[in-house]
Amino acid sequence: MIAEVIVDVAAHPIDRPFDYVVPERFRPLIEPGMRVKVPFGPRKVLGFVTGTKSESDMQQSKLKPIHELMDLVPVLNKEMLQLADWMKDETLCFEIDALQVMIPSALRAKYEKRFVLTGELTELAEPLQPYFQRKPFLRAQDAVELFGLLKTELDKGTITAETDISQKTEVKKARMVTIESSLEKLEAIEIRANARQQLKLMEFMKSHAGSTIESADLQKQSGTTLQTVTALLDKGAGTLQVTETYRSPESLADIKEKAPLSLTLEQQTAFAAVRDALGTSKTFLLHGVTGSGKTEIYLQTIDRVLKEGEEAVMLVPEISLTPQMTLRFKERFGDQVAVLHSGLSAGEKYDEWRRIQRGEVKVAVGARSAVFAPFRNLGLIILDEEHESSYKQDDAPRYHARDVALWRSRYYNCPVILGSATPSLESYARAQKGVYELLTLESRAKNQPLPEVRIVDMREELRNGNRSMFSVELAEAIREKLEKKEQIVLFLNKRGYSSFVLCRDCGTVGECPHCDISLTYHRSKEHMKCHYCGFEAQVPDICPECGSEHIRFFGTGTQKVEEEIAKLFPGARTLRMDVDTTRQKGAHERILTAFGEGKADILLGTQMIAKGLDFPNITLVGVLSADTTLHLPDFRASEKTFQLLTQVSGRAGRDVLPGTVYVQSYTPEHYAITLAKNQNYEPFYTQEMTTRRQNGYPPYFYVVNIQFTHEDLMTAGDYADQTVRFLQNNLSPGTVIIGPSASLVARVNDRYRYQCLIKYKKEPRLTETLHQLIRIHRAEWIKRGATLSIDKNPSTV
Ligand code: ADP
Ligand code: ZN
Ligand code: ZN
């Protein structure tokens, strides 16, 4: 028997399965989707079995045997293996990257090889019993001997066996003893007169007949030992059940169930359209203004799906969105919900993933990678805020969650809902063409008016001598709301503002010696750090260039604003939410909860607070500078600005109290700003599409970004030049190739970076050409120390 294995050696020039002999002892168990350890050159590496066969094209004597089986049940099912094949072609990644991204990180690392067994252990086949009486663990070397027997038990469902990722920290498990309930039976058990411990335990058991008690407690309360308990259980005094409790990140204890709301007419129409499409692979674009009740539609559609006995995946862009969203899901679906997001520890993620894999939950709520939730009866996939760039992964595999969702929707014949108040141009264009069905919600669910948006011309403020970051109008409004005890959200776009160190005499900025970027100043640790390569340095006492002692620190934008708030509005209670204040686990949630409970007057933050917040008492939103995203060197700059302004504005006046939004800008006449004022999506779409067509960008053209790096500047440039020539020779004349040019940050980690851009409408030769490029890279350039990365449909260019 031969197994085809994809090995975890991403730098290997050949990306294909390798054949390995399956040793006799693994044969009963081995299946595609299991992880194995195999010899590869001088090393032993992790691999995934993708298939088995009886013969290899290779000479039998050249084949090496599989060293170890890492799983007793496959971690990847048939669907996932197919999905990986597709991803590899679609995103031009290594197959191993595609496989790895689908399993929780805990299973990717090299954990101790041990299996945790759960189930009716006392009903196990005799030879297996001794292994589990005391500890429900099975060491790898023991497992080898017992595979055949184990297989039978696993198939029968008496036990489950999963790879132990607990390492030193024990998986939380409970050994529960259920004492025989019939006194008659207990009395019939023979115990030798001199076995005093056993007699003692028997007395206890008789007085607790029929009850279930944790083994450790049983020992403690009866004053006996594990040996004694085991001995009596062997004689039939009770049964042992090992259960595993999950490291559940949130408890359901305080969550009250909430009934569905009765839908508005608009919601009803949208809901009915999706409901009628269940069981088909239709894609919907749900375009609804902020607060129009999209989430309620998601909840009710999922409820339908669950009633059909199927499962649902609900994707949200970022962790900060998850607390409130998760709460709404748990209120509706209780413990049928698993939550997968980046704020969980590796162990917690693994637990949530297993609950999905075992079919113990029916709904998965999570960020990008939750799109791989290992359900087997998927009935619906939802991407909320579908326009968010966080749905695209920036490194290999460079997949977009939307594309994966559409693939799975075809596999399972289930619909996809893409929801947004500001759909991506790509999706809206597809809806216009009829590829997606457009569903529109024009009014807010509780009929609240959209907030009044006022655009403040900051140039005017300057002319009037106001140098503060708060315009007179906004400052006035803040004072008024503070007096009324209503809540305020202040938004500062983090990009364009980062903290740095500057010499006031010569203007030298602390720069990373390895990258062409300034170092970021961290006040908490009094040091400077490079966000690209991780380089750290102490803040110098004197300027290394001119010797001046006048070193100045610029705090992060939000820190600066916080200080100014304290000056302008003494007594205002402010909560700051940015990368610095949310580093700790659970910090997002704590800040949001505190704000929701009215423990602060002002919530100040970066993009993190732009979305998802749903608090009734927020009546004022201030955008301190609308311009920062607008001037990014990115063809999506206007789109992102429009989205951001719309999202932020949507935080105000969501309940009874009406809201006002102040948008401060130095370019108040820009269409992305003026059209966001009334959440005018359609005119924005029309205007922006014109710009895109003129400049040849998506959705009119597709874009592929190719990046080259090398530690030598000339070599990097040479490689880029050669590639561009190669592309010109191989792609159609209608395809545009721009570059090569130095990347925005031209050097990172002492490596020089060049890039080029392919723009095309229809390019039948694209896939083959890119694959050929990868082959050339692997054959020639890897050896010379170059890297190549190909990003189809990049989120920014
Ligand atoms: P969106 O997801 O479009 O931003 P939400 O679903 O969060 O909108 O709804 C906004 C607010 O309106 C929430 O407080 C929600 O509870 C409420 N809401 C939604 N649908 C209804 C409804 N049919 N009746 C009453 N309130 C609703
Ligand atoms: Zn200086
Ligand atoms: Zn650096």
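Residues numbered from 1 in each chain as written. Chains lettered and ligands numbered in written order. Predicted model: local features only at pLDDT ≥ 70, side-chain atom pairs only at ≥ 80, totals over all residues.

You'll find the protein chain entered in an unreviewed UniProt entry as Replication restart protein PriA, with Planococcus lenghuensis given as the organism. Quoted verbatim from the Subunit (unreviewed entry) field of the UniProt record, the comment on the protein chain reads "Component of the replication restart primosome." UniProt's Sequence similarities (unreviewed entry) comment on the protein chain is quoted here verbatim: "Belongs to the helicase family. PriA subfamily." (UniProt positions renumbered as here; feature names shortened; annotations may be inferred.)

Draft legend 1. The arrangement of the packing of helix α10 (residues 265-277) against helix α11 (residues 294-307) in detail. Two numbers describe how α10 lies on α11: the axes approach to 10 Å, and their chain directions differ by 35°. Along this stretch, α10 crosses α11, giving a crossing that reads as right-handed. For the pair α10 and α11, contact is made by Q267, A270, F271, V274 and R275 and by E296, I297, Q300, T301 and R304, respectively. Among the residues forming the contact of α10 with α11, the class breakdown is four nonpolar, three polar and three charged. (Axes fitted to C-alpha atoms, helices over the stretch in contact; angles between N-to-C directions. Helix = DSSP H or I, 4+ residues; strand = E, 2+ residues; numbered from the N terminus. Left-handed = near helix turned anticlockwise from the far one by under 90°. Contact = placed C-beta atoms within 7 Å. Nonpolar A, V, L, I, M, F, W, Y, C, P; charged D, E, K, R; others polar.)

Draft legend 2. Here's a closer look at the sheet that holds strand β31 (residues 736-748). Ordered by their spatial adjacency, four strands build an open sheet running β31-β32-β30-β33, and the pairing between neighbours is antiparallel. One side of each edge strand has no neighbouring strand; the edge strands of this open sheet are β31 and β33 (787-792). With direction set aside, neighbouring strand axes in the sheet form an average angle of 20°. As judged from the nine bridges shared by strand β30 (residues 702-710) and strand β32 (residues 751-760), these two strands associate in the antiparallel manner. When the bridges of β32 are listed, V704 appears paired with I758. (Pairing = 2+ DSSP bridges.)

Draft legend 3. Spatial organisation of unusual backbone geometry. With an omega of -5°, the peptide bond running from A396 to P397 counts as cis. Along the chain, the position of P397 falls in the loop between β16 (378-384) and α14 (401-412). Between P698 and the following residue, P699, the backbone shows a cis peptide bond with an omega angle of 0°. Assignment of secondary structure puts P699 in the loop between α23 (681-695) and β30. The phi torsion at L92 lies on the positive side, around 60°, for a residue other than glycine. Note on placement: L92 falls in the loop between α1 (78-91) and α2 (95-100). In this structure L92 comes out as buried when scored by C-beta crowding, with 21 C-beta atoms within 10 Å. (Buried ≥ 20, exposed ≤ 12 C-beta atoms within 10 Å, placed from the backbone.)

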